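Here's the letter readout for the chains.
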Amino acid sequence: MSLKITYKKGVNEKNIKNFVLFSNEEFKINGINKLSIAKNSNQINKIINSHKSKKKDFISFNVNSDQKMILIKIKQNKNATENEKKGASFYNFAKSNLLTDLNFLEKNIIETKKQNPSFMDEFLHGMQLKSYEFNKYKTKRETHEISINVVFKTKIPLKNKNNRFNSLLEGTNFTKDLVSEPGNILHPDEYAKRILKLKKIGLKIKILDDKKLKKLGMGALLGVGQGSVRGSYLVTMEWNGDRSKSKPLAFVGKGVCFDTGGYSLKPARFMEDMTYDMAGSAAVVGLLKTLALRKAKVNAVGVVGLVENMVSGNAQRPGDIVKSYSGKTIEVLNTDAEGRLVLADALTYTEKKFKPKLIVDLATLTGAIIVSLGSEYGGLFSNNDKLSNQLLDVGNKVDEKLWRMPLHKNFDKLMNSKNADMQNINYVGGAGSTTAAQFLQRFILNKTPWAHLDIAGMAFSKYGGALNSGGATGYGVRLLNKLVEDYYE
């Protein structure tokens, strides 16, 4: 079911069939005396009073034989995310009741904005986030459309098409699209091409292919992808929105387009979900698109490693030893612990090439983080308290929550190898997410403030959440955009 939002002017209220109005917690309608339906206020109040005891947020009823009113009860002093959730809930209400051609009126909106200036934008943004669907491969699609008209009497306020909400929506939905694509479509070759198209919005894109990666010595990343007929890539995306030429913020993503586990083969059950093992990279791409579209006043770089972890006569074997871009050698005891190998080279390259102010990496890295935190929190591991506290703060603000997990030098013992500088799994067992993060920390060579976000439980949802439908969630885009907004612009 699609959603269409239109801004209109000069519409006669008498010709409107479906009004949508906001009220306070006592069901007092904002600005009702300035609306044409004020003459029906006694009748409306009687109907509203009959619904008060039901504690509903949405009430739908006929004002007369030709007009219907949908009333939305809102609370004062709610934050942006709560307002977005209200919009998302209203989308569900409209969808389940097959409502369409819904009209929000200027005078009611004006009175509502006196309580919360950004409410209407946040409410509609929530509706848009919730309405996302990935149905491009369905031959028969649902045709019902929820049409939202924001009606002004005379002049429509100027709206920047690249404003904050639209830019964030485009970036988030782009991430969802990438994660939702099947593995036969979005393999590394295609993924790199899609990122390259973002040059048109002002991003500087550079693609390093197999030959360039081999020349640079990225043996850890290349080892993961060597079993696939597809190429392996490291793609960088630069946004220079701060003329002071300050050090960039760096965001790094794991982009394993499909993960069979390699010779450490995954069970067949649920392997089809491994198309979303590139969700960390998709969040980075969506974030950079958002920053470019809203012309963020910050310098930022996104770096994603794109590979496919397959089984073939050329695939990496358990027990292989590879040399990473950092110069450190890794014994690959488990080919299904591949994401950390991709990130190892990507992290060192990012730190060395861009000398960033900070690095945040995102990855669907371990099943252990799901055991620990389920689908309520992403796991946060960091070498820096300031960066950690910033991420925890913005995560709570946008409802993309994080929980800080431990790092400690004693965990290093579990990753030491007899045959190389380190091994890619903890063979003793336990602390799976922490030892993975401890492994990654070894590739931050210059003590750059760094945070690793393990989003394995957050990137994809079978059932959906408050602001997303089932499937790809877009987790990470809103979180990191808020980090930039609140602390670095």
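Residues numbered from 1 in each chain as written. Predicted model: local features only at pLDDT ≥ 70, side-chain atom pairs only at ≥ 80, totals over all residues. Heavy atoms only, no water.

Draft legend 1. Region of the structure containing the nonpolar core. With 56 residues, the main nonpolar core has Y191, I195, F251, V285, L391, L453 and L480 as its most contacted residues. At nine residues, the largest contribution of residues to this core is made by helix α9 (residues 279-293). Filtering out sequence-adjacent residues up to four positions away, L453 remains in contact with V360, D361, L362, A363, G379, L380, L391, L402 and L479. Judged by nonpolar contacts, the second largest core, of 37 residues, contains L222, V322, L343 and A363. (Core = buried A, V, L, I, M, F, W, Y, C linked by side-chain atoms within 4.5 Å. Buried < 20%, exposed > 50% of the residue type's maximum accessible area, 1.4 Å probe, protein only. Helix = DSSP H or I, 4+ residues; strand = E, 2+ residues; numbered from the N terminus. Contact = heavy atoms within 4.5 Å.)

Draft legend 2. Spotlight on the pattern of salt bridges. A full pass over the atoms with the stated rule returns 25 salt bridges. Between D277 and K254 there is a salt bridge, with the nearest N and O atoms lying 2.9 Å from each other. Placement of D277 in the loop between β9 (249-259) and α9 and of K254 in strand β9 is noted, with a sequence separation of 23 residues between them. Take D277: its relative accessible area is 4%, and that puts it in the buried class. Among the residues examined, K254 registers a relative accessible area of 2% and is labelled buried. Among the ionic pairs, D486 bridges to K397, the shortest N-O distance being 2.8 Å. Of this pair, D486 sits in helix α14 (residues 477-487) while K397 sits in helix α12 (residues 385-398), and the two are 89 residues apart along the sequence. (Salt bridge = Lys/Arg side-chain N within 4 Å of Asp/Glu carboxyl O.)

Draft legend 3. Structural view of the packing of aromatic side chains. What the rule picks out here adds up to 17 aromatic pairs. Where Y377 meets W403, the ring centres are 5.4 Å apart and the plane angle is 75 degrees; that geometry is what we call edge-to-face. Separated by 26 residues along the polypeptide, Y377 in the loop between α11 (368-373) and β14 (378-382) and W403 in strand β15 (residues 402-404) bring together distant segments of the chain. On the accessibility criterion, W403 (45% relative accessible area) is partly exposed. Here a set of aromatic residues connected by ring pairs shows up, and it is made of F22, F58, F90, F93, F104, F119 and F123. (Phe/Tyr/Trp six-rings, centres within 6.5 Å; stacked < 30°, edge-to-face > 60°.)

Draft legend 4. Looking closely at the sheet that holds strand β11 (residues 320-323). With mixed pairing, three strands are arranged side by side in an open sheet as β11-β12-β16. Looking at the sheet topology across the chains shown, the edges are occupied by β11 and β16 (422-423). The pairing of strand β12 (residues 329-332) with β16 spans two bridges and is classified as parallel. Within the sheet, the bridge partner assigned to I330 lies in β16 and is M422. (Pairing = 2+ DSSP bridges.)

Draft legend 5. Layout of the environment of L208. Examined against the element boundaries, L208 turns out to sit in strand β7 (residues 204-208). Each C-alpha atom of the pair L208 and G476 lies 25 Å from the other, and the pair is 268 residues apart in sequence. When sequence neighbours within four positions are dropped, the list of residues in contact with L208 reads L213, L216, S232, Y233, L234 and Y349.

Draft legend 6. Fine view of the packing of α9 against α14. Where α9 contacts α14, the two axes come as close as 9 Å, and the packing angle between them is 45 degrees. What the angle tells us is that α9 and α14 run oblique. In this structure, α9 meets α14 at a crossing whose hand is right-handed. Residue-level inspection shows A283, G286, L287, T290 and L291 of α9 in contact with α14, the latter providing V477, L480, N481 and V484. When grouped by side-chain class, the residues that make up the contact of α9 with α14 number six nonpolar, three polar and no charged. (Axes fitted to C-alpha atoms, helices over the stretch in contact; angles between N-to-C directions. Parallel < 35°, antiparallel > 145°, perpendicular 65-115°, else oblique. Left-handed = near helix turned anticlockwise from the far one by under 90°. Nonpolar A, V, L, I, M, F, W, Y, C, P; charged D, E, K, R; others polar.)

Draft legend 7. Summary view of the packing of α12 against α14. The N-to-C vectors of α12 and α14 enclose an angle of 115 degrees; their axes lie 9 Å apart at closest approach. The element α12 and its partner α14 pack so that their crossing is right-handed. The residues of α14 that touch α12, namely those facing Q390, L391, D393, V394, G395, K397 and V398, are R478, L479, L480, K482, L483, D486 and Y487. In the contact of α12 with α14, the residues fall into seven nonpolar, two polar and five charged.

Draft legend 8. Focus on helix α3 (residues 106-115). Within α3 the residues assigned to the buried category are E106, N108, I109, E111 and T112. Looking at the packing, one finds that the buried side of α3 touches β2 (18-23), β5 (102-105), α4 (119-130) and β6 (145-152).

What is shown is where atoms sit, not what they do.
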